[in-house]
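The primary structure of each chain is shown beneath.
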Amino acid sequence: SSTADILTVIHVFIWLSFQSRNLYFLKHHIGATAPENPEVEALRLEVAEMKEKYEAVLEENKKLKAKLSQYEPPPEEKRGE
């Protein structure tokens, strides 16, 4: 074996060992097995509330646009003016 082959094997081994450590870190600190942070749950609830409010505002906006359209002249009357 040449020196380049040995260095390549060593390089790959080191790279793989760092990758496995990174995967362990991610799984341990960020993964689903980690205990739930109370702040995360509070944020999830806040997001759910905001989605509900958003949907309510969208529905109200539709209703208001429908009411407004009753008072607007048809498009052909606007052009004649």
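Note that the structure is a prediction, hence the values are computed from the model and not measured. (Residues numbered from 1 in each chain as written. Predicted model: local features only at pLDDT ≥ 70, side-chain atom pairs only at ≥ 80, totals over all residues. Heavy atoms only, no water.)

Draft legend 1. Up close: the pattern of salt bridges. For the structure shown, the criterion picks out one salt bridge. Note that arginine 44 and glutamate 41 form a salt bridge whose closest N and O atoms lie 3.9 Å from each other. Separated by three residues within a single helix, arginine 44 and glutamate 41 lie in helix 2 (residues 38-71), roughly one turn from each other. (Salt bridge = Lys/Arg side-chain N within 4 Å of Asp/Glu carboxyl O. Helix = DSSP H or I, 4+ residues; strand = E, 2+ residues; numbered from the N terminus.)

Draft legend 2. Summary view of the UniProt feature "coiled-coil region" (unreviewed entry) in the protein chain. Per the UniProt annotation, the sites labelled "coiled-coil region" (unreviewed entry) are residues 40-67. Counted over residues 40-67, helix gives 100% and strand 0%. Its end C-alpha atoms are 41 Å apart. (UniProt positions renumbered as here; feature names shortened; annotations may be inferred.)

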